[in-house]
Amino acid sequence: MAHDSPPAAFKPQRAVDAERDHVRGGHDPGAVTVMIYADYLCPYCRSLRGVIARLRKALGERLTYVFRHFPNERAHPGAEFMARAAEAAAKQDRFWEMHDWLYEQEPSITQQQVLAFARALGLDMERFQRDLHHEEARRHVLEDVAEGQRNGVTGTPTVFIDGMRYDGAWDFYSMLEALERPIASRVQRSARAFASLPASGGLVLLVAAVAALLCANTSLAPYYRLFIASSFGIGPSGHMLSLTIQAWFSEGLLAIFFLLVGLEIRREMTVGVLADRRAAILPVIAAIGGVLAPTAIYLALNPGPAAAGWAVPTATDIAFTLAILALLGNRIPSGLRVFVAALAVVDDILSVLTLAIFYPRAFEPSWLLASGAAVTLLFALNRWRVYAGWPYAVTAVALGFLLHAAGIHAALAGVLLAAFLPTRPAPAVGPLLAQAATALAELEHAEHDAKATGTAQPHIDQETIWDWASRNLSAASDRLLSPADRIERAVAPWSAYLILPLFAFSATGVNLAVDIASPEAHSILSGVVLGLVIGKPLGISLACLLAIKARFAVMPDGVTVRNFIGATCLCGIGYTVALLMADQAFALEPASAVAKIGVLIGSTLAALLGAIILATSPRTS
């Protein structure tokens, strides 16, 4: 299933080079490195320089300061000239003198003033002029800019601490805490480093699956079974809703995962690939083919009572699929990644419909009417433009319970919630910038007044100013993201690194010693494995071939037949939702366990086959 990864913690691709980079201090063996991409005419860089100076004074040789150029000529005309002037001064070993002087001047500094200061420094002016206009200085600046862009730098200043991008506050105490690296900071830093790995989400799922299999097939099996079968109830006495831990993970936690699925579907249908009808045709047809072919293979092998498991080999676990594509790097054309992601969104829609239509439990129409009332309330909250998150959350929780009581999988409440979370048009940046600048300027004026008089303003005045400023900053910050975007950003890491692994741990723990010698078990196992390994790529490939031949759609740009076949094989990785389908399709444990073993075997074979095909493909430019 598709879900967003947490924001990456960018890491510089080029390490600090003492011969090329401009490095200050840090002679202690354990010194922490602060690298800054900055612009000499950027007012924010000038403000941050004061903080860096305080940090250098506080930490001494324990701090290594590295400066790299990132002039924004469009926003600050003349910034590139200033950068080249610093490089020209560096040729005569006076970089830091020029660097410090440039930041001490007002942004209206002229080229004549720069030349006058170079003369005052005692530089060889003929050489300085020659170096200033030489291609080497320009190339050095452009290389810094290019390296910054590869590292995700889009504006100045951008700070990296020991190779990891720092996105915290720029005040002295916040940065000092980050540099001194207390335990909490180290844990956060390690977590960000892990989250930045392309396959981090898939790796956590894999660890959870392996842990479950070990628990279910060793002496820990009784304790594992006792844990997932333990009941937990909520509600008033006599009317308590009691479910096993495994059921809570399946219906409760997966509702949050399906919330992300719904938000992704909504985004792709409004501003993503699926918003363009022509571009959406191929992944839509591919996803349908990727459901029909595995279903046909499974039903051909299981025409009897086991036919209920037809949906097990139809789902694609895009967390593993996209993780493998990311690991293969530039062997994968960008058009293929977009195609697979769009296919996953359509696959998500089909999985949601399959759960709702084909796998209801004992159907209770009266509870369905109550569920409809909850959906109506979500619609009303959206129409009333309620932007607070808690009314939606409370209603969605109630909807989950009502759906469960109606006999429908409660995780679908997440998809319904996603449909009604309010969005907003993108704001104009100018007014928000003015609002934030005004609030910060008021705080700065209060600070300057306190320093000028030697005493602080009356307590109530200070408190009023801080309260007013914080409310304005919060309002400006909140407006940058819609409620739907904020919820997605907050929930995505929990989904990737806790919710899905917990579900995988509860659902994957099958006893591998289960008897598969019976004809029914053998048919279920064969149907699931062949559906994933053969049916998925075959269905996607044939559907796309027919669509392209009929000129309904076109192949994504830069994608070869070999690339395409490898990606379709990866779509046979049917882990998370396939396990959920197995639980829903088979009420009896032996059949469910056999289907899950088939999912594990088929997903592993599909991953290996797809990875081998793609790894042996030529690299893309």
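Below or above, wherever it landed, is the structure these notes cover.

Cut-offs applied
- Residues numbered from 1 in each chain as written.
- Predicted model: local features only at pLDDT ≥ 70, side-chain atom pairs only at ≥ 80, totals over all residues.
- Heavy atoms only, no water.
- Helix = DSSP H or I, 4+ residues; strand = E, 2+ residues; numbered from the N terminus.
- Buried < 20%, exposed > 50% of the residue type's maximum accessible area, 1.4 Å probe, protein only.
- Contact = heavy atoms within 4.5 Å.
- Areas by Shrake-Rupley, 256 points an atom, 1.4 Å probe, with all protein chains shown as cover.
- Lys, Arg positive; Asp, Glu negative; His and termini not counted.
- Charge placed at Lys NZ, Arg CZ, Asp CG, Glu CD.
- Polar contact = N/O pair within 3.5 Å; in protein donor to acceptor, adjacent residues only side chain to side chain.
- Axes fitted to C-alpha atoms, helices over the stretch in contact; angles between N-to-C directions.
- Parallel < 35°, antiparallel > 145°, perpendicular 65-115°, else oblique.
- Left-handed = near helix turned anticlockwise from the far one by under 90°.
- Core = buried A, V, L, I, M, F, W, Y, C linked by side-chain atoms within 4.5 Å.
- Nonpolar A, V, L, I, M, F, W, Y, C, P; charged D, E, K, R; others polar.
- Phe/Tyr/Trp six-rings, centres within 6.5 Å; stacked < 30°, edge-to-face > 60°.
- Lys NZ or Arg CZ within 6 Å of the ring centre and 35° of its normal.
- Pairing = 2+ DSSP bridges.
- Right-handed = clockwise from strand over helix to strand, strands pointing away.
- Salt bridge = Lys/Arg side-chain N within 4 Å of Asp/Glu carboxyl O.
- Expected span 1.5 Å × (residues − 1).

**Side note on the overall build of the protein chain**
Right, so step 1: When its secondary structure is counted, the protein chain shows 24 helices and seven strands.
Right, so step 2: Per-residue burial over the protein chain gives 48% buried out of 621 residues.
Right, so step 3: Long-range pairs, those at least 24 residues apart, make up 79% of the contacts in the protein chain with a sequence separation of at least 6.
Right, so step 4: Only carbon and sulfur atoms are counted for the fraction: they give 63% of the accessible area of the protein chain, which is about 30,000 Å².
Right, so step 5: Looking at the protein chain, you have 48 positive and 51 negative side-chain charges, and the mean spots of the two groups are 4 Å apart.

**Examining the side chain of histidine 409**
Right, so step 1: Its place among the elements puts histidine 409 in the loop between helix H16 (390-406) and helix H17 (412-420).
Right, so step 2: By relative accessible area, histidine 409 is classed as buried at 0%.
Right, so step 3: One polar contact links the side chain of histidine 409 to the main-chain amide nitrogen of alanine 411, over a distance of 3.1 Å.
Right, so step 4: Those residues within four positions of histidine 409 in sequence are excluded, and the remaining contacts are Ser250, Glu251, Arg361, Leu403, Leu580 and Gln584.

**So, the packing of helix H14 (residues 334-358) against helix H22 (residues 561-570)**
Right, so step 1: At their nearest, the axes of H14 and H22 sit 11 Å apart, and the two run at 30° to each other. The pairing of H14 with H22 is recorded here as roughly parallel in orientation. Seen along the crossing, H14 lies across H22 with a hand that is right-handed. Counted together, Leu336, Phe339 and Val340 of H14 and Asn563, Phe564 and Ala567 of H22 form the full contact between these two elements.

**Quick notes on the nonpolar core**
Right, so step 1: Phe258, Phe339 and Ile524 are the most contacted members of the largest nonpolar core, which has 96 residues in total.
Right, so step 2: Those residues in contact with phenylalanine 339, other than ones at most four positions away along the chain, are Leu282, Pro283, Ala286, Cys544, Pro556 and Phe564.
Right, so step 3: Counting 46 residues, the second largest nonpolar core, distinct from the first, contains Ile36, Leu55, Ala88 and Ala178.

**Quick word on the packing of helix H2 (residues 79-90) against helix H6 (residues 135-150)**
Right, so step 1: Contact geometry of H2 with H6 gives a least axis separation of 9 Å together with a crossing angle of 115°. Considered as vectors, H2 and H6 are oriented roughly perpendicular to each other. Of the two possible hands of crossing, H2 and H6 adopt the one that is right-handed. Taking contact as the criterion, the partners of Glu80, Ala83, Arg84 and Glu87 in H2 are, on H6, Ala137, Arg138, His140 and Val141.
Right, so step 2: Broken down by class, the residue content of the contact of H2 with H6 amounts to three nonpolar, one polar and four charged.

**Re the environment of arginine 56**
Right, so step 1: As for its placement among the helices and strands, arginine 56 is situated in helix H1 (residues 43-59).
Right, so step 2: Aside from chain neighbours lying at most four places away, what touches arginine 56 is Arg24, Leu63 and Tyr65.

**Overview of the environment of proline 537**
Right, so step 1: Note that proline 537 resides in helix H21 (residues 519-549).
Right, so step 2: Judged by relative accessible area, which is 9%, proline 537 ranks as buried.
Right, so step 3: Between the alpha carbons of proline 537 and alanine 607 there is a distance of 12 Å; along the sequence they are 70 residues apart.

**Quick look at the packing of aromatic side chains**
One pair of aromatic rings is described through two measures. These are the centre distance and the angle between the planes.
Right, so step 1: One pass over the full model with this rule turns up 17 aromatic pairs.
Right, so step 2: Where tyrosine 40 meets tyrosine 103, the ring centres are 5.0 Å apart and the plane angle is 50°; that geometry is what we call tilted. Linking tyrosine 40 in the loop between strand S2 (32-38) and H1 with tyrosine 103 in helix H3 (residues 95-104), this pair joins segments that are 63 residues apart in sequence.
Right, so step 3: When its relative accessible area of 2% is taken as the criterion, tyrosine 40 is described as buried.
Right, so step 4: Residue class for tyrosine 103 comes out buried when judged on its relative accessible area of 4%.
Right, so step 5: Relative to tyrosine 103, the ring of phenylalanine 67 has its centre 6.5 Å away and its plane inclined at 75°; by these criteria the two rings are edge-to-face. A residue pair is termed long-range when its members are at least 10 positions apart, and phenylalanine 67 in strand S3 (residues 63-69) and tyrosine 103 in helix H3 qualify at 36 residues. Each member of the pair, phenylalanine 67 together with tyrosine 103, is buried.
Right, so step 6: Put simply, the rings of Tyr40, Tyr65, Phe67, Phe95, Trp96 and Tyr103 pair up and form one aromatic cluster.
Right, so step 7: The ring of phenylalanine 172 is capped by arginine 54, whose NZ or CZ atom sits 4.0 Å from the centre of that ring.
Right, so step 8: Across from the ring centre of tyrosine 173, 5.9 Å away, lies the NZ or CZ of arginine 54, which sits over that ring.

**Focus on the sheet that holds strand S4 (residues 158-161)**
Right, so step 1: Judged by pairing direction, the sheet is mixed, and its five strands sit side by side in the order S1-S3-S2-S4-S5 without closing on themselves. With partners counted over all chains shown, the strands left at the sheet margins are strand S1 (22-24) and strand S5 (164-166), one partner each. Each neighbouring strand pair of the sheet contributes to a mean axis angle of 25°, computed without reference to strand direction.
Right, so step 2: Sheet analysis places S1 next to S3, joined by three bridges and oriented antiparallel. Residue pairing for S3: histidine 22 is matched across the bridge by phenylalanine 67.
Right, so step 3: In the packing of H6 onto the sheet, the strands contacted are S1, S2 and S3, and the crossing angle to S3 comes to about 105°.

**A few points about the pairing of S2**
Right, so step 1: With seven of seven residues buried, S2 is to be regarded as a mostly interior element.
Right, so step 2: By the bridge criterion, seven bridges tie S2 to S3 in an arrangement that is parallel. By the bridge assignment for S3, tyrosine 37 is matched with arginine 68.
Right, so step 3: Tracing the backbone out of S2, into H1 and back to the parallel element S3 gives a crossover that is right-handed.
Right, so step 4: As defined by bridge partners, S2 adjoins S4 across four bridges and the pair is classed as antiparallel.

**Re the pattern of salt bridges**
Right, so step 1: Overall, the coordinates contain 17 salt bridges when judged by the stated rule.
Right, so step 2: For arginine 20, the salt bridge is made with aspartate 21, and the minimal N-O distance between the two is 3.6 Å. Side by side, arginine 20 and aspartate 21 carry an identical accessibility label, which is buried.
Right, so step 3: One network of salt bridges, in which partners are shared, links Arg20, Asp21, Arg68, Glu143 and Asp144.

**Describing H2**
Right, so step 1: With 12 residues, H2 should reach 16 Å at 1.5 Å per residue; the first-to-last C-alpha distance of 17 Å fits that figure.
Right, so step 2: Of all 12 residues in H2, 10 are buried; the element is thus mostly enclosed.
Right, so step 3: Taken together, the buried positions of H2 are occupied by Ala79, Phe81, Met82, Ala83, Arg84, Ala85, Ala86, Glu87, Ala88 and Ala89.
Right, so step 4: Looking at the buried side of H2, the elements it contacts are S1, S3, H3, helix H4 (111-120), helix H5 (125-132) and H6.

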